[in-house]
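# Overview (structure and organization)
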Amino acid sequence: MANVKVKDLLKNEKKKNYVSCMIALHKTAEAVSPFTDGILQQLHQQISQQLGSQNLCQQQCSRTIRDVNKWCVTCGLWRQALKRFHTNPRELIWHKLQSWEWPKQHMNLVEVFMLQHWDKANMDARDLSVSITVWKKCSLFPARIFPFADNLRKSRNKLAHSASLEIDNNDKQTVFHNINQVIQQADMVNYLQNSLEIQNDMNDLENGDLFKFEDELYEILNKTNQVDKKLHTMDSKLTEVHEAQTKTFRTIANIIRALLLFSVILVATIAVKLKEPDISMASGISPIKASGETMGCLQEYSPSFPTSLLLVDYFKHHGPLVGRIWLFKLLEEELKNTKKSGVLLEADMGYGKSAIAAHITCAKEGDQGMELRKRLIAFHVCKFDVKKTHQAGIFIQRLASMISNNIPEFNETINDCLHSFNTEQCDSDPFGCIDKCIIFPLKLTNISDERKEYRLIIIDALDECYETFSFEKTSRDV
Ligand SMILES: [Zn+2]
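## So, the coordination of the zinc ion
Coordination angles at a metal have ideal targets, namely 109.5 degrees for four tetrahedral donors and 90 or 180 degrees for six octahedral donors. Distances from the zinc ion to its protein donors, Cys-57 (SG), Cys-61 (SG), Cys-72 (SG) and Cys-75 (SG), fall within 2.2 to 2.3 Å. With four donor atoms in place around the zinc ion and angles of 103 to 119° between them, the coordination shape is tetrahedral. All donors of the zinc ion belong to a single chain; written as a sequence motif, their spacing is C-x3-C-x10-C-x2-C. Of this pair, Cys-57 sits in the loop between α2 (13-51) and α3 (61-64) while Cys-75 sits in helix α4 (residues 73-85); the two residues are 18 residues apart in sequence, bridging distant segments of the chain. This pair shows no difference in class: Cys-57 is buried, exactly as Cys-75 is.

## Quick word on the environment of Asp-209
Among the structural elements, Asp-209 can be located in the loop between α9 (195-206) and α10 (214-231). With a relative accessible area of 36%, Asp-209 lands in the partly exposed category. Taking the C-alpha atoms as reference points, Asp-209 and Ser-20, separated by 189 residues in sequence, lie 8.4 Å from one another.

## As for the state of the cysteines
According to the stated counting rule, one finds three disulfides in the structure shown. Covalent S-S linkage joins Cys-297 and Cys-362, the inter-sulfur distance amounting to 2.1 Å. An S-S torsion of about 105° defines the bridge between Cys-297 and Cys-362 as right-handed. Of this pair, Cys-297 sits in the loop between β2 (281-283) and α13 (313-316) while Cys-362 sits in the loop between α15 (353-361) and α16 (370-375), and the two are 65 residues apart along the sequence. When its relative accessible area of 16% is taken as the criterion, Cys-362 is described as buried.

## Let's talk about the packing of aromatic side chains
In this structure the tally under the stated criterion is eight aromatic pairs. Note on Phe-35 and Tyr-191: the rings are 5.5 Å apart at their centroids and 75° apart in plane angle, and the pair reads as edge-to-face. Taken together, the positions of Phe-35 in helix α2 and Tyr-191 in the loop between α8 (186-189) and α9 put the pair 156 residues apart, joining distant regions of the chain. We classify Tyr-191 as partly exposed; its relative accessible area is 23%. For the ring pair Phe-305 and Phe-421, a centre distance of 5.7 Å and an interplane angle of 85° mean the geometry is edge-to-face. Residue Phe-305 is found in the loop between β2 and α13, and its partner Phe-421 is found in the loop between α19 (415-420) and α20 (423-428); the two are separated by 116 residues along the sequence. Taking the relative accessible area as the measure of exposure, Phe-305 reaches 4% and is therefore buried. Taken together, the ring pairs in this structure connect Phe-35, Trp-135, Phe-141 and Tyr-191 into an aromatic cluster. The lysine or arginine in question, Arg-79, covers the ring of Trp-94, its NZ or CZ lying 4.7 Å from the ring centre. Sitting over the ring of Phe-379, Arg-398 keeps its end group 5.0 Å from the ring centre.

## So, the packing of α2 against α9
Contact geometry of α2 with α9 gives a least axis separation of 9 Å together with a crossing angle of 170°. Relative to α9, the element α2 is oriented roughly antiparallel. Contact with α2, carried on its side by Ser-20, Ile-23, Ala-24, Lys-27, Thr-28 and Ala-31, involves Ile-198, Asp-201, Met-202 and Leu-205 of α9 and no other residues of that element. When the residues that make up the contact of α2 with α9 are grouped by side-chain class, the tally is six nonpolar, two polar and two charged.

Reading the values: the criteria
- Residues numbered from 1 in each chain as written.
- Predicted model: local features only at pLDDT ≥ 70, side-chain atom pairs only at ≥ 80, totals over all residues.
- Heavy atoms only, no water.
- Donors = N, O, S within 2.8 Å, 3.2 Å for Na, K, Ca; no water.
- Tetrahedral: all angles 85-135°; square planar, octahedral: opposite > 155°, others 65-115°.
- Helix = DSSP H or I, 4+ residues; strand = E, 2+ residues; numbered from the N terminus.
- Buried < 20%, exposed > 50% of the residue type's maximum accessible area, 1.4 Å probe, protein only.
- Disulfide = S-S within 2.5 Å.
- Phe/Tyr/Trp six-rings, centres within 6.5 Å; stacked < 30°, edge-to-face > 60°.
- Lys NZ or Arg CZ within 6 Å of the ring centre and 35° of its normal.
- Axes fitted to C-alpha atoms, helices over the stretch in contact; angles between N-to-C directions.
- Parallel < 35°, antiparallel > 145°, perpendicular 65-115°, else oblique.
- Contact = heavy atoms within 4.5 Å.
- Nonpolar A, V, L, I, M, F, W, Y, C, P; charged D, E, K, R; others polar.

Below is the structure:
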């Protein structure tokens with residue numbers, strides 16, 4: 001069976017291109033791992049020498065002591081040293097790391113230079129995305145390689161997005177060009193185990209000579225099947241999100257939970273494996289506007305809340321979305337039919353969750369996301385490093401402001417909220433605030449709660465809003 005499938009697949013030029021590129025990227029990831037490994041080893045040696053001999057940590061500081069200033073001497077010194085080599089130390093979530101492991105082995109430092117919400121249990125240091133992230137976040141890696149690494153990452157993501165599992169000859173050439181730029185880069189060459197063999201493999205793959213890559217070929221076919229399955233279970237993770245949220249307090253995640261109790265549909269997009277989650281949310285409100293009024297990016301500014309934070313610029317840099325019509329169809333179906341109070345969409349890094357959120361928010365007539373765009377009444381973007389986007393008060397103000405733009409009856413019921421709105425007070429009592437400004441006013445309107453009349457609120461990267469500043473602050477208070 002499988003052989004027939006492979007033969008069929010290779011008859012199609014574009015599918016063959018796709019498979020050659022996937023194998024080549026897989027080989028590239030293997031080939032560059034000694035580079036990642038070698039430079040992390042240098043970093044480890046450099047810090048070890050600088051700190052001299054220190055006792056090993058006996059108490060798992062990062063896990064057990066929330067106040068980093070109270071860590072043992074060893075963990076404290078390693079933390080200070082690692083911060084100096086991190087290109088953006090503000091994003092580090094220390095309690096998620098394993099400080100006691102750092103002095104033991106250089107590969108234990110990978111976690112410090114990864115995206116902080118990646119799932120470490122499923123982390124593969126040989127994944128190309130992990131490698132490239134580590135290169136860019138650790139200042140010991142030569143910056144000369146970044147432009148090539150970025151292009152390579154783009155190639156990898158583009159392939160990951162190809163729902164048809166096909167690419168044309170031009171795109172194939174680009175992928176191989178980007179691979180060669182990285183593996184032939186001067187800083188990289190010294191670290192390659194057998195550069196001649198790697199180069200030969202790449203040439204064979206580029207020429208479509210796949211006979212010696214049978215194992216990799218099957219592996220890729222298997223992975224593709226798994227991805228299909230994953231994307232079809234998109235609402236199954238919602239309970240987990242709820243549980244994760246109970247750990248946090250006074251954060252946007254919890255407010256969303258309060259919203260959910262008000263029969264609001266949640267569309268959440270979360271990454272698994274290499275967690276880079278984004279969340280989108282939809283609410284059960286009508287009526288739906290005529291499509292003519294819903295062209296382009298959703299209006300954020302509302303005269304009712306003139307000081308409300310504007311975030312649409314974070315969406316504007318996304319280019320046009322290609323393919324994935326099936327995903328929009330699936331989303332529409334799920335939103336109409338789910339019996340749950342919400343829907344969660346999850347996908348690995350690089351599947352373009354933010355791109356989808358951006359596309360729906362700014363869809364124009366004829367775009368794939370237009371049907372969802374017509375139902376959109378509000379959106380929010382959580383940015384890990386933009387503190388304002390984590391604040392409950394600002395989040396509620398944005399929702400109230402945009403809902404008032406899109407549901408006329410809502411305007412007549414938010415007087416109470418309007419007269420006394422204060423983002424700081426809202427931060428200190430987010431549940432009281434969301435009741436007063438969103439939930440009670442919505443209950444007073446005549447909007448239908450029929451599922452087919454649902455309205456949509458998109459929240460991109462919800463996970464970047466929790467376990468951050470507000471979480472750190474509050475967990476110390478508790
Ligand atoms: Zn310690």
